[in-house]
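# Breakdown of the fold
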Amino acid sequence: MKKRTIIIVIIAIIVIIIGLLTLFLYKNNKSNSQVDTTRIYDQNGQLIADFSKKNEVIETKENISIQGIVELHDNGYIYIFNGQHFGEFGFEMNEYTRANITDKNQKCIDYMTLQEYDTSYIQEGDLLICSGDLYIKGYGGINDFDTKDNSIIVLKSNDYTEMKKEVLNGNSKYSSVVTIGESYADLGYVYLKYTLEDDTHSDTGYNFPFGIKAYITENTEIEGDLQNGKFVEVQYEDLTEPFDELNIKSIKVLKN
């Protein structure tokens, strides 16, 4: 009986030791994991990214104008970003800004008609031009933008799409140049970046750049080396196709 009791006690002690060791390793790994996921160091131990401070304001730019495409308008916020979605792909624009804008029911002005609305007029896909203060967050954070008492200019998504079509069709109303944004010629496609300058309502004009995802086929005529940043002339097979399904008929690289 004593032997059995001793064996049970020994087993209980072993279980307790294993449990304590497991708990120690779990807490240690969790602590290390938290450090690893919030701070990134280079091979020399220098901090290159600090996600733990992503919500801290590190810089404020006052009285500036920004542009961005509405990705979400919900729950009292309007989130604009600097890209365009093409299915699972996207292409970012340096001219546009990522930021959260508090929905204060600001006055909105339609870019085309100059008619006034409130923020319920803003929908996903619209392009916004805003003036105010930009609060830049830490690495990986989402910037905040305060429009103050300034109106928001709204270029509706459908109007923006029609402007793009006119540029692609060679309409001379809008000034535009085409560059290779990102080339994946080996995979059979490229991102082409178009400028779209319009001075309808401004002496200085606005630039509404946009991207096209275009495909290289076995029939595509290519003249020159398709490198990022190169100016090009492009012809498409069928301009009635969606902006992310256009096949290139010919593309010529121009001298910069």
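See the structure printed just above.
All of these numbers come straight from a predicted model, not from anything done at the bench.

Bringing the overall build of the chain into the picture now. Helix and strand content of the chain: two helices and 19 strands. The burial tally for the chain puts 33% of its 256 residues in the buried class. As displayed, the chain has an accessible area near 15,900 Å², and 49% of this comes from carbon and sulfur atoms.

Simply put, disulfide is the name for a covalent bond between the sulfur atoms of two cysteines. Throughout the structure, instances matching the rule amount to zero disulfides. For the unlinked cysteine Cys108, the closest cysteine sulfur is that of Cys130, found at 8.4 Å. Classification of Cys108 as buried rests on a relative accessible area of 0%. Since its relative accessible area comes to 1%, Cys130 is described here as buried.

Tallied over the full model, the rule gives eight salt bridges. A salt bridge links Lys107 to Glu116; its shortest N-O distance comes to 3.6 Å. For Lys107, a relative accessible area of 40% gives the class partly exposed. Taking the relative accessible area as the measure of exposure, Glu116 reaches 52% and is therefore exposed. Here Lys165 and Glu162 are joined by a salt bridge, their closest N and O atoms 3.7 Å apart. Of this pair, Lys165 and Glu162 both sit in helix α2 (residues 157–168), three residues apart, which is roughly one turn of the helix. A residue is classified by how much of its surface remains accessible, and Lys165, at 37% relative accessible area, is partly exposed.

Inspection of the entire model under this criterion finds 10 aromatic pairs. Ring geometry for Phe91 versus Tyr191: centroids 5.3 Å apart, planes at 10°, classification stacked. In this pair, Phe91 is assigned in strand β6 (residues 89–92) and Tyr191 in strand β14 (residues 189–194), connecting sequence segments 100 residues apart. Under the relative-accessibility criterion, Phe91 is labelled buried at 6%. We classify Tyr191 as buried; its relative accessible area is 3%. Relative to Phe210, the ring of Tyr194 lies with its centre 5.0 Å away and its plane at 5°, an arrangement referred to as stacked. Placement of the pair is Tyr194 in strand β14 and Phe210 in strand β17 (residues 210–223), with a sequence separation of 16 residues. Feature note: the residues Phe91, Tyr184, Tyr189, Tyr191 and Tyr215 constitute an aromatic cluster, connected by ring pairs. Lys156 extends its terminal NZ or CZ atom over the ring of Tyr121, reaching a point 4.5 Å from the ring centre.

Let's shift gears to the nonpolar core. When a protein is soluble and globular, its nonpolar side chains tend to lie buried together. Residues Leu192, Tyr194, Phe208, Ile212 and Tyr236 are the most contacted members of the largest nonpolar core, which totals 36 residues. For this core, the secondary-structure elements that each account for two or more residues are β4 (77–81), β10 (127–137), α2, β13 (178–184), β14, β17, β18 (232–236) and β19 (246–253). Per-element tally for this core: the top contributor is β14, with five residues. If sequence neighbours within four positions are ignored, Leu192 has contacts with Val178, Thr179, Ile180, Gly181, Phe210, Gly211, Ile212, Ala214, Val232, Val234, Tyr236 and Ile251. Core analysis: the second largest hydrophobic core is formed by 16 residues, Ile66, Ile80, Tyr121 and Phe145 among them.

Conventions we followed
- Position labels on residues start from 1 in each chain and follow its written sequence.
- Only residues with pLDDT of at least 70 are given local features in this predicted model, and only at 80 or more are side-chain atom pairs given and counted; all residues enter the totals for whole chains, interfaces and linings.
- Working from all heavy atoms in the structure, the side-chain values ignore hydrogens and water.
- For the purposes of this entry, the term helix denotes a DSSP run of H or I that reaches at least four residues, the term strand denotes a run of E that reaches at least two, and both are numbered from the N terminus.
- Burial here depends on accessible area, computed with a 1.4 Å probe over protein chains only, as a share of the maximum for the residue type. Under 20% is buried, over 50% is exposed, and the range in between is partly exposed.
- Each accessible area value is a Shrake-Rupley result obtained with a 1.4 Å probe; residue values ignore everything except the protein chains displayed when judging cover.
- Any two cysteine sulfur atoms within 2.5 Å of one another count as a disulfide.
- When a carboxyl oxygen of Asp or Glu lies within 4 Å of a side-chain nitrogen of Lys or Arg, that pair is called a salt bridge.
- Stacked, tilted and edge-to-face pairs are distinguished by plane angle, under 30 degrees for stacked and over 60 for edge-to-face with tilted covering the rest, among Phe, Tyr and Trp rings (Trp via its six-membered ring) whose centres lie within 6.5 Å.
- Our definition puts a charge over a ring when NZ of Lys or CZ of Arg is within 6 Å of the ring centre and also within 35 degrees of the ring normal.
- Take the buried Ala, Val, Leu, Ile, Met, Phe, Trp, Tyr and Cys residues and link them wherever side-chain atoms come within 4.5 Å; each set so joined is a nonpolar core.
- The contact definition used throughout considers only heavy atoms, calling two residues in contact when any of these lie within 4.5 Å.

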